[in-house]
Amino acid sequence: MRNSPENPSTSLSQPAKWLTSLFSGPTSSGVSVTQETTLGITAVWRAVRIIGEGVAGLQGDVYKEDKSGNKKRLPSHRVALQLREPSLLHTGFTFKETMSAYAALRGNGIAKIEANGTFTILDPGSIQTRYNGQTLVYTYQDMEGNKRTLDSSQVLHIPSLVMDTDTALGKSPLSVHRESIGVSMAQTRYAAKFFKNGAHIDGFLSTDQKLSPEGIARMAKSWRTRYTGVDNAGSTPVLEEGMKYVPLSLNPQDAMFVESSQLSIQEVARIFGVPLHMLASLDRATFSNIEHQSREFVTYTLRPWVKKWEEEVNRKLFTESEKRRGYYYKFNLESLLRGDSESRAKLIDTYMKWGIANRDE
């Protein structure tokens, strides 16, 4: 990672202000966007889970292809066993799920390849990289706070979109889309405050009398205690002598609060490439377009993540000798790309009529 011009001595233990504010500084909406706060948005939580679980749920196997193009599946190969039992902390599913979720949300899923073949997932926020002319060097802090250095061959790295070729680190949606995510977080916070303070009252108190600061504070406290909050919804206000309650016409519905919430879900769907119906937004969904959107999700969202996994595994976990002899790792996406039963029946019927396949096949 390049050092800031204002602070060229940026380190892991003392990051520059521009680096810390990248993830923790307030947005224009007034809220701070961090990993924890972002996951509090239901649409973001669901989108990250869908990508992580989508990759982890795919079957992956080691294959060996000979010079004639014949392929043989090798479920007992060392690499297949590595990814099936990656560590004592993670199953094969949770390992791929966590790595993919880190990559989708924070830009990078990074794991240390241990000497015994297991993996240790690292916090992507604690990692810096630099290219020394021969290899990419990863620097991170261990659990004791000690600075460690790894060669790229010791790291399994699944990045998001890479825009900085000097670091090879993926861009995080938390940094690129802080404002859009911040608006969604502000809406969630506003809704919570709105119900807490009494969704049924939208107005102000007025009087012709002059009130002292103590009187204003006493009246405000009394009003909050008796008439605000969900538990007090529907209470009939009893005003002191000379006080008037002036209702306001502006309310969340008039301000298109519900519509803006739906817009936030659309923003999240665009950021992560997840169809709206998978985020439980079914306003314009039909059986036909849901099926096609699901296939598009596999093709345009899931497949790129799968390709990144395959290329990184094939590059890092196989020996040079194995690569030359045709060994490789591959996920199976075919089950997710199958059409509906009617389309499959028509395809099978066509294959049999033209002799492309027989009944056994």
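Parameters and conventions
- Residues numbered from 1 in each chain as written.
- Predicted model: local features only at pLDDT ≥ 70, side-chain atom pairs only at ≥ 80, totals over all residues.
- Heavy atoms only, no water.
- Helix = DSSP H or I, 4+ residues; strand = E, 2+ residues; numbered from the N terminus.
- Buried < 20%, exposed > 50% of the residue type's maximum accessible area, 1.4 Å probe, protein only.
- Pairing = 2+ DSSP bridges.
- Axes fitted to C-alpha atoms, helices over the stretch in contact; angles between N-to-C directions.
- Polar contact = N/O pair within 3.5 Å; in protein donor to acceptor, adjacent residues only side chain to side chain.
- Patch = residues over 30% accessible without salt bridge, like charges linked within 9 Å, V, L, I, M, F, W, Y side chains within 5 Å.
- Areas by Shrake-Rupley, 256 points an atom, 1.4 Å probe, with all protein chains shown as cover.
- Salt bridge = Lys/Arg side-chain N within 4 Å of Asp/Glu carboxyl O.
- Contact = heavy atoms within 4.5 Å.
- Expected span 1.5 Å × (residues − 1).
- Phe/Tyr/Trp six-rings, centres within 6.5 Å; stacked < 30°, edge-to-face > 60°.
- Lys NZ or Arg CZ within 6 Å of the ring centre and 35° of its normal.

(A) The arrangement of the overall build of the protein in detail. The helix and strand tally for the protein stands at 13 helices and eleven strands. The buried share among the 361 residues of the protein stands at 36%.

(B) Expanded view of the sheet that holds strand β1 (residues 60-65). Taking strand neighbours across the sheet as the criterion, the three strands line up as β2-β1-β11 in an open arrangement whose pairing is antiparallel. The sheet is open, and its two borders are formed by β2 (71-73) and β11 (327-331), each paired with just one other strand. Neighbour to neighbour, the strand axes of the sheet diverge by 35° on average, direction disregarded. Inspection of the sheet shows β1 paired to β2 by three bridges, in the antiparallel sense. The partner of E65 across the bridge, within β2, is K71.

(C) Examining the pairing of strand β5 (residues 128-131) more closely. Two elements, β5 and strand β6 (residues 136-141), share four bridges in a ladder whose sense is antiparallel. Its bridge partner being in β6, R130 is matched across the sheet by V137. Taking the residues that link successive antiparallel strands as the turn, the β5-β6 hairpin has four residues, and the phi of G133 there is positive, at about 100°.

(D) Structural detail: the side chain of E310. Along the chain, the position of E310 falls in helix α10 (residues 287-316). One polar contact links the side chain of E310 to the main-chain amide nitrogen of F331, over a distance of 2.8 Å.

(E) Structural detail: the pairing of β1. Here β1 pairs with β11 via five bridges, running antiparallel. Note that in β11 the partner of V62 across the bridge is Y329. Between β1 and β2, which pair antiparallel and follow one another directly, the connecting turn spans five residues, one of which, G69, has a positive phi of 90°.

(F) Molecular detail of a nonpolar patch on the surface. A contiguous nonpolar patch, built from Y351, W354 and I356 and spanning about 390 Å² of accessible area, is present on the exposed surface. By the secondary structure assignment, I356 is in the segment after α13 (341-353). For I356, a relative accessible area of 53% corresponds to the exposed category.

(G) Region of the structure containing the environment of K323. Positionally, K323 belongs in helix α11 (residues 320-324). Each C-alpha atom, one on K323 and one on K64, is 9.4 Å from the other, the two residues being 259 residues apart in sequence. Apart from the residues within four sequence positions on either side, K323 is in contact with N314, R315 and F318.

(H) Seen up close, helix α3 (residues 42-56). The end-to-end C-alpha distance of α3 is 21 Å, a good match for the 21 Å that 15 residues give at a rise of 1.5 Å each. Among all positions in α3, only A43, V44, A47, V48, I50, I51, G52, G54, V55 and A56 are buried.

(I) Broad picture of the environment of S160. Inspection of the secondary structure puts S160 in the loop between β8 (155-159) and α6 (173-176). Residues in contact with S160, not counting those within four places in the same chain, are A103, G107, G170, K171, W305 and K308.

(J) How the structure looks around the packing of aromatic side chains. Going through the model one piece at a time under the given rule, you end up with four aromatic pairs. Ring geometry for Y63 against Y328: centres 5.7 Å apart, planes inclined by 20°, an arrangement best described as stacked. Of this pair, Y63 sits in strand β1 while Y328 sits in strand β11, and the two are 265 residues apart along the sequence. On the basis of relative accessible area, Y328 is assigned to the buried category, the value being 17%. Aromatic rings pair up to connect F95, F119 and W309 into one cluster. Between the NZ or CZ atom of K308 and the centre of the ring of W305, over which it lies, the distance is 4.7 Å.

(K) Structural view of the sheet that holds strand β4 (residues 119-122). Spatial strand order, β4-β3-β8: three strands in an open sheet with antiparallel pairing. Here the strands that pair on one side only, and so sit at the sheet edges, are β4 and β8. Sheet twist, expressed as the mean angle between neighbouring strand axes with direction ignored, is 20°. Two strands pair when backbone bridges link them, and strand β3 (residues 108-113) and β4 are joined in this way by four bridges, in the antiparallel orientation. Residue pairing for β4: I113 is matched across the bridge by F119. Sheet strands touched by helix α5 (residues 92-106): β3, β4 and β8. Its angle to β3, the strand with the most contacts, is close to 140°.

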